[in-house]
Amino acid sequence: MSNCAIVGINWGDEGKGRMVDLLTGEYDIVVRFQGGGNAGHTVENELGKFALHLLPSGIFRKGVVNVLGNGVALDPENLISEIGDVTAKGVSVTPDNLMISDRASLLLPWHRDLDELEEKRLKDKKYGSTKQGIAPFYSDKYQKKTVMAGELFYPEKLLSHLKDIMEWKDLTLTSVYGHEPYTMDMLEEWLRNSCKKIMPFVKNTGAFLKKASEEGKKILFEAQLGSLRDLDYGIYPYTTSSNTMAAFAPIGSGLPSAKIADIIGVCKAYSTCVGEGPFVCEMFGEEAEKLREAGREYGAKTGRPRRVGPIDIVASRYGAQVQAATEVALTKLDVLSYLDEIPVCTKYLVDGKETDEFPFPLALEDASPVIEYMKGWKKDISGVRRFEDLPKEAQEYVEYVERNIGCPITYVSVGPERDSIIIRK
Ligand code: GDP
């Protein structure tokens, strides 16, 4: 079997963690290649229920090596606390099953402050950040104003590098935002309390992945968020600050030569969106409340109620195309079982004209959804394990989505548990 990427084709929260957890049994290595501790990949298995933020979702499988690639925003403080949380529930995390790329840049203590300060300054124009410091981190990384994890092994050079960056950053913190400056004492404490603890995991993971690949080991690339939050292809500026695309996986993982034959685009059976930005198919009022409750749509990291709507065919087709998805996993179909009729956003109305092309971000603000209805099935389907055992209306819904997204639906998820899955291949 070849390498595989599991990516989101919507706005995130599609259930990627649950798909990675399901499929890791067939892979040797799981790599996170972008994003940071703002993820909330929920996994339910025999060890319990977990919301993973930075740890790859393969951490529960014995024998699987999990890698945090150079493309991630590595927050030592959060990672250490996350490792503490999962080990307290009986998960083993050691340098044998978790490796951090020596080329991963570190999220520095002021990145979280800057995120918070900037959202506050923006007031009602805020981006809806999770305030984990991700945007300030990535902008500093591309300005070459952060440090790489491997620098922890060169303490003297590291201190001098950090001092230079701190002096530069203090200018912004104090004069733009009126914030207290950072001091070297604060940074030394951060190095002692958090960075030191991640050092046993820091390795040349590029060399590890290259060797593993040459030995025929199978690699699964795990993305955070979805197509519509991609920095370049999403609803800019209401995107994240990294590329959520499968095409970025080789770069962000540390294996630029990786070939990825299988790209599984995870798509929710309805739509959800956390935070700000245009969300054309959004539902409001009681209809929205019922769907939110049925799907328990509250952010895994922030607890924020998610905005909800029917499946958006226009956005999902675009999302699958930009990911170059070779197959789709449709999740949370069971959530729709309470509905008499299932709403579907089939097209957008832009300037009085119907379109099935996903518009330029600014044009999205003036788009409205064209909604059609399909017959519901009104039966609990969470125990179904074969496609042909689904009620006819549910089969028709899946086939409709498949035809219109233009990509085979090979998995239909009917519950959060590992085995609540229908495999169609
Ligand atoms: P991710 O960030 O893409 O991994 O997605 P999240 O973890 O934020 O959101 C997915 C949520 O849906 C989690 O709470 C999962 O446990 C849950 N979930 C995943 N698949 C299914 C499903 O098929 N049915 C139901 N009812 N819940 C699911």
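Note that the structure is a prediction, hence the values are computed from the model and not measured.

Caption draft 1: Looking closely at the overall build of the protein chain. In terms of regular secondary structure, the protein chain is built from twelve helices and 18 strands. A compact globule built from 425 residues should have a C-alpha radius of gyration of about 22 Å, and the protein chain, at 22 Å, falls within 12% of that. Considered along the principal axes of its C-alpha atoms, the protein chain spans approximately 65 × 50 × 35 Å. Per-residue burial over the protein chain gives 57% buried out of 425 residues. Contacts in the protein chain between residues at least 24 apart in sequence constitute 75% of all its contacts with a sequence separation of at least 6.

Caption draft 2: A look at the sheet that holds strand 6 (residues 98-101). One open sheet accounts for ten strands, arranged 7-6-5-2-8-1-9-13-17-18; its pairing is mixed. Unpaired on one side and paired on the other, strand 7 (202-203) and strand 18 (421-423) mark the two borders of the sheet. Here four bridges tie strand 2 (residues 29-32) to strand 5 (residues 65-68), and the two strands are oriented parallel to one another. Paired with I29 across the bridge in strand 5 is V65.

Caption draft 3: Structural view of the nonpolar core. Counting 40 residues, the largest nonpolar core has L74, L79, I100, L106 and W110 as the members making the most contacts within it. Going through the elements one at a time, strand 4 (48-52), helix 2 (76-88), strand 6, helix 3 (109-122), helix 5 (155-176) and helix 6 (184-198) are the ones with two or more residues in this core. Sorting elements by how many residues they give to this core places helix 6 first, with six residues. Built from parts of two domains, this core gets at least three residues from each of domain 1 (4-104 + 201-264) and domain 2 (109-199). Setting aside residues no more than four positions away along its own chain, L74 makes contact with L54, L68, L79, I100, A104, S105, L106, L107 and I198. If you look at the next biggest cluster of nonpolar residues, it comprises 37 residues, including M283, V344, W377 and A394.

Caption draft 4: Geometry of the site of the ligand. Residues in contact with the ligand amount to 17 residues; listed here are only the nearest, K16, G17, T42, D334 and S413. Take R306: an N or O atom from its side chain is 3.2 Å from an oxygen atom of the ligand. D334 is positioned such that a nitrogen or oxygen atom in its side chain is 2.8 Å from a nitrogen atom of the ligand. With the chains in place, 92% of the 580 Å² that the ligand exposes on its own is no longer accessible. If you list the elements that add at least two residues to the shell around the ligand, you get helix 1 (16-23) and strand 3 (41-45). Formed jointly, the shell around the ligand draws a minimum of three residues from each of two domains, domain 1 (4-104 + 201-264) and domain 3 (269-316 + 333-398 + 414-423).

Caption draft 5: Seen up close, the domain arrangement of the protein chain. For the protein chain, the assigned domains are domain 1 (4-104 + 201-264), domain 2 (109-199) and domain 3 (269-316 + 333-398 + 414-423). Each of domain 1 and domain 3 was reduced to a C-alpha centroid, and the two centroids are 26 Å apart. Taken together, the contact between domain 1 and domain 3 spans 28 residues of the former and 23 residues of the latter. Of the roughly 2,000 Å² buried between domain 1 and domain 3 on both sides combined, carbon and sulfur atoms contribute 54%. Put simply, domain 1 and domain 3 have three salt bridges between them. Applying the counting rule to domain 1 against domain 3 returns seven residue pairs in polar contact (both at pLDDT 80 or more). Of all the secondary-structure elements, those providing two or more residues to the side of domain 1 that touches domain 3 are helix 1 and strand 3. Per-element accounting of the side of domain 1 that touches domain 3 gives the leading share, four residues, to helix 1. Along the lines of polarity and charge, the residues of the side of domain 1 that touches domain 3 split into eleven nonpolar, ten polar and seven charged.

Caption draft 6: View of the packing of helix 3 against helix 4 (residues 134-142). Taken N-terminus to C-terminus, the directions of helix 3 and helix 4 make an angle of 120°; their axes are 7 Å apart at the nearest point. When the axis of helix 3 is compared with that of helix 4, the two are oblique. In this structure, the crossing between helix 3 and helix 4 has a hand that is right-handed. The segment helix 3 lies against helix 4, with W110, H111, L114 and D115 engaging I134, P136, F137 and D140. Class assignment for the residues of the contact of helix 3 with helix 4 results in five nonpolar, one polar and two charged.

Caption draft 7: Examining helix 5 more closely. The end-to-end C-alpha distance of helix 5 is 31 Å, a good match for the 32 Å that 22 residues give at a rise of 1.5 Å each. Every buried residue of helix 5 is listed here: L158, L162, I165, M166, K169, D170 and L173. Along its buried surface, helix 5 packs onto helix 3, helix 4 and helix 6. Just downstream of helix 5 lies G178, where phi reads positive at about 65°.

Caption draft 8: Structural context of the packing of aromatic side chains. One pass over the structure, following the stated rule, counts eight aromatic pairs. Between W11 and F279 the ring centres are 4.9 Å apart and the planes differ by 80°, which places this aromatic pair in the edge-to-face class. Highlighted residues: W11 in the loop between strand 1 (4-8) and helix 1 and F279 in the loop between strand 10 (271-273) and helix 9 (285-295), separated in sequence by 268 residues. Judged by its relative accessible area of 6%, F279 is buried. In this arrangement the basic side chain of K89 is found over the ring face of F50, its NZ or CZ atom lying 4.7 Å from the centre. When the ring centre of F387 is taken as origin, the NZ or CZ atom of R424, which lies over that ring, is 4.1 Å away.

Caption draft 9: Representation of helix 9 within the structure. Those residues of helix 9 lying buried are A288, L291, R292 and G295. Along the long axis of helix 9, the arc covered by the buried residues comes to 100°, so they all point the same way. If you follow the buried residues of helix 9, they end up packed against strand 11 (307-309). At the exit of helix 9 stands R296, carrying a positive phi of roughly 45°.

Definitions and limits used
Residues numbered from 1 in each chain as written. Predicted model: local features only at pLDDT ≥ 70, side-chain atom pairs only at ≥ 80, totals over all residues. Heavy atoms only, no water. Helix = DSSP H or I, 4+ residues; strand = E, 2+ residues; numbered from the N terminus. Rg over C-alpha atoms; globule rule 2.2 N^0.38 Å. Buried < 20%, exposed > 50% of the residue type's maximum accessible area, 1.4 Å probe, protein only. Contact = heavy atoms within 4.5 Å. Pairing = 2+ DSSP bridges. Core = buried A, V, L, I, M, F, W, Y, C linked by side-chain atoms within 4.5 Å. Domains from an automatic or database assignment. Near = heavy atom within 4 Å. Polar contact = N/O pair within 3.5 Å; in protein donor to acceptor, adjacent residues only side chain to side chain. Areas by Shrake-Rupley, 256 points an atom, 1.4 Å probe, with all protein chains shown as cover. Buried area = accessible area lost by both parts, 1.4 Å probe. Salt bridge = Lys/Arg side-chain N within 4 Å of Asp/Glu carboxyl O. Nonpolar A, V, L, I, M, F, W, Y, C, P; charged D, E, K, R; others polar. Axes fitted to C-alpha atoms, helices over the stretch in contact; angles between N-to-C directions. Parallel < 35°, antiparallel > 145°, perpendicular 65-115°, else oblique. Left-handed = near helix turned anticlockwise from the far one by under 90°. Expected span 1.5 Å × (residues − 1). Phe/Tyr/Trp six-rings, centres within 6.5 Å; stacked < 30°, edge-to-face > 60°. Lys NZ or Arg CZ within 6 Å of the ring centre and 35° of its normal. Arc of directions from axis to C-beta.

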